[in-house]
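# Remarks on the overall topology
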Amino acid sequence: MKLSMPRFDQAPVLVVGDVMLDRYWHGGTSRISPEAPVPVVKVEQIEDRPGGAANVALNIAALGAPASLVGVTGDDEAADSLTNSLRGAGVRALFQRIAHQPTIVKLRVMSRHQQLLRIDFEEPFATDALALSDQVDALLEGIKVLVLSDYGKGALKNHQVLIQAAKARGIPVLADPKGKDFSVYRGASLITPNLSEFETIVGGCVDEHDLVSKGASLMADLDLGALLVTRGEHGMTLLRPGHPAMHLPARAREVFDVTGAGDTVISTLAAAIAAGEELPHAVALANLAASIVVGKLGTASISAPELRRAIQREEGSERGVLSLEQLLLAIDDARAHNERIVFTNGCFDILHAGHVTYLEQARAQGDRLIVAINDDASVSRLKGPGRPINSVDRRMAVLAGLGAVDWVISFSEGTPENLLAQVKPDVLVKGGDYSVDQVVGADIVNAYGGKVKVLGLVENSSTTAIVEKIRQTNDAAQ
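So, how was this worked out
- Residues numbered from 1 in each chain as written.
- Predicted model: local features only at pLDDT ≥ 70, side-chain atom pairs only at ≥ 80, totals over all residues.
- Heavy atoms only, no water.
- UniProt positions renumbered as here; feature names shortened; annotations may be inferred.
- Contact = heavy atoms within 4.5 Å.
- Polar contact = N/O pair within 3.5 Å; in protein donor to acceptor, adjacent residues only side chain to side chain.
- Helix = DSSP H or I, 4+ residues; strand = E, 2+ residues; numbered from the N terminus.
- Patch = residues over 30% accessible without salt bridge, like charges linked within 9 Å, V, L, I, M, F, W, Y side chains within 5 Å.
- Areas by Shrake-Rupley, 256 points an atom, 1.4 Å probe, with all protein chains shown as cover.
- Salt bridge = Lys/Arg side-chain N within 4 Å of Asp/Glu carboxyl O.
- Buried < 20%, exposed > 50% of the residue type's maximum accessible area, 1.4 Å probe, protein only.
- Phe/Tyr/Trp six-rings, centres within 6.5 Å; stacked < 30°, edge-to-face > 60°.
- Lys NZ or Arg CZ within 6 Å of the ring centre and 35° of its normal.
- Core = buried A, V, L, I, M, F, W, Y, C linked by side-chain atoms within 4.5 Å.
- Pairing = 2+ DSSP bridges.
- Right-handed = clockwise from strand over helix to strand, strands pointing away.
- Axes fitted to C-alpha atoms, helices over the stretch in contact; angles between N-to-C directions.
- Left-handed = near helix turned anticlockwise from the far one by under 90°.
- Nonpolar A, V, L, I, M, F, W, Y, C, P; charged D, E, K, R; others polar.

## Description of the UniProt feature "active site" (unreviewed entry) in the protein chain
Per the UniProt entry, the sites bearing "active site" (unreviewed entry) are Asp-263 in this numbering. Non-local contacts of Asp-263, meaning those with residues more than four positions away in its chain, are made with Gly-52, Asn-55, Val-56, Tyr-151 and Asp-176.

See the structure below:
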């Protein structure tokens, strides 16, 4: 299955559910308490992160999709912290605040990246279900997917009202279910229980065949459009009426913390479906996103650059020959990972040892090397009749095969100045015996604070000399 990055910027999603604040106290431990056999933590940092349905909305926004969130909180400092964090991330947060009840807070005491203790502050909310459904109904216009993020904390008491309101508008409904009664999700487009939640409803599954059979019965009983069972280290299984089961293996290379992994799955699914992806592709993207987030500490989100890079690795397109649009996206991803971009250009007609050494030296100036090459017409203008010896496609293919080269692109103008103005590399590298200010494009790079560096060429290595030697050999043979 070929994956691609969806247009998340055109995928508005509404999340409704149980919001909570994940609070972390970080500190060192160097002694045991004299009062009890427990470690003493000297708190050095306090960190607040949106949790529950708020984390789902945050994940959707991090992918670049417009995200709105409806939920219930107390009227307190924790609700203020949630609102500020979400709005700062671009989430439209609309909370029903209930006085004299605390916002749900999960406090984790951390030391050296290990959780020592979790303390929960919560009471069941006396939610005004009618007010919440009225608020959601007013927000459905223009929404492409509705997500019900259910943690069983009391915000969702009107599942069917919300599901039917969305279905009446042709809006898919995705639900992350909780509890022992899945009938409240009847008619949903997709539900995403983990294996434990699924088996609580249907009973234990002895093997995949049993899982598929019980899943099919559950879909029929509840009139579900699809069922996705997340299975931890065994990956996930997508079931759809009338389709064969789709089993996806877990992709995580290292599992550091599974907190919030389910939120990542449903948020990526929702954003991808809202962007127009077919369900199997959306599930594959969600599986890939989950493999990234479990490598992070605590409740975390995955950004668009992280997902795009994972897709590029998956498709083997992280390096190689790119179009301008692909190159600019790759550069954005690289910069999101604090990588320095190096740029060089030339004809590279017949690749020789001098070129290889020069490109290795250029790559050493940063983290990613772009090689821009003149197309055939511009080489002919620069070098004269008979050049290039090799076509632009062949020259790019050879350069893309070098370990030092990340991305290759061609240009048709006599100079790469237009390309430089768009790429804005951190370092412009050129080989030769001239000064820095003589390098074509140096003024463009200097204008935005980039650097220009001239590298010496390898002696006795010249394409022109090689071409002339071949011609002399041919003349002598005749």
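What follows picks up the thread again.
## Side note on helix H5 (residues 195-202)
For H5, the capping residue at the N-terminal end is Asn-194, with a side-chain oxygen 3.1 Å from the backbone nitrogen of Ser-196. Among the residues trailing H5, Gly-203 stands out with phi positive, at a value near 95°.

## Concerning a nonpolar patch on the surface
A cluster of nonpolar residues, Leu-116, Leu-117, Ile-119 and Phe-121, forms a patch on the protein surface that exposes about 330 Å² of accessible area. Within the secondary structure, Leu-117 is located in strand S7 (residues 114-121). Residue Leu-117 is classed as partly exposed on the basis of its relative accessible area, which comes to 45%.

## Here's the deal with the packing of aromatic side chains
Applying the stated rule across the entire model yields one aromatic pair. Between the NZ or CZ atom of Lys-178 and the centre of the ring of Tyr-151, over which it lies, the distance is 4.7 Å.

## Examining the pattern of salt bridges
Counted under the stated rule, the structure contains 20 salt bridges. A salt bridge links Glu-47 to Arg-49; the shortest N-O distance between them is 2.9 Å. Residue Arg-49 is classed as buried on the basis of its relative accessible area, which comes to 17%. Of the charged contacts in the structure, one is a salt bridge between Arg-395 and Asp-376, with a shortest N-O distance of 2.8 Å.

## Overview of the nonpolar core
Most often, soluble globular proteins keep nonpolar side chains buried together rather than apart. By size, the foremost hydrophobic cluster in this structure holds 56 residues, and its most contacted members are Val-15, Leu-69, Val-147, Leu-174 and Leu-269. The element best represented in this core is helix H8 (residues 279-293), accounting for nine residues. Excluding anything up to four places from it in sequence, Val-147 contacts Val-13, Leu-14, Val-15, Val-16, Val-56, Leu-174, Ile-266 and Ala-270. Residues Val-70, Leu-148, Val-173 and Ile-191 belong to the second largest nonpolar core, which totals 38 residues.

## A look at the pairing of strand S5 (residues 91-98)
Sheet topology places strand S4 (residues 67-74) next to S5; eight bridges connect them, and they run parallel. Bridge assignment links Gly-74 to a residue of S5, and that residue is Ile-98. The β-α-β motif built from S4, the intervening helix H2 (residues 77-88) and the parallel element S5 has right-handed crossover chirality.

## Here we look at the packing of helix H7 (residues 261-274) against H8
Where H7 meets H8, the closest approach of the two axes is 8 Å, and the angle between their N-to-C directions is 145°. For H7 against H8, the interelement crossing comes out right-handed. When H7 is examined against H8, the residues Ala-261, Thr-264, Val-265, Thr-268, Leu-269, Ala-272 and Ile-273 are found in contact with a partner set consisting of Leu-279, Ala-282, Val-283, Leu-285, Ala-286, Ala-289, Ala-290 and Val-293. A class-by-class count of the residues in the contact of H7 with H8 yields 13 nonpolar, two polar and no charged.

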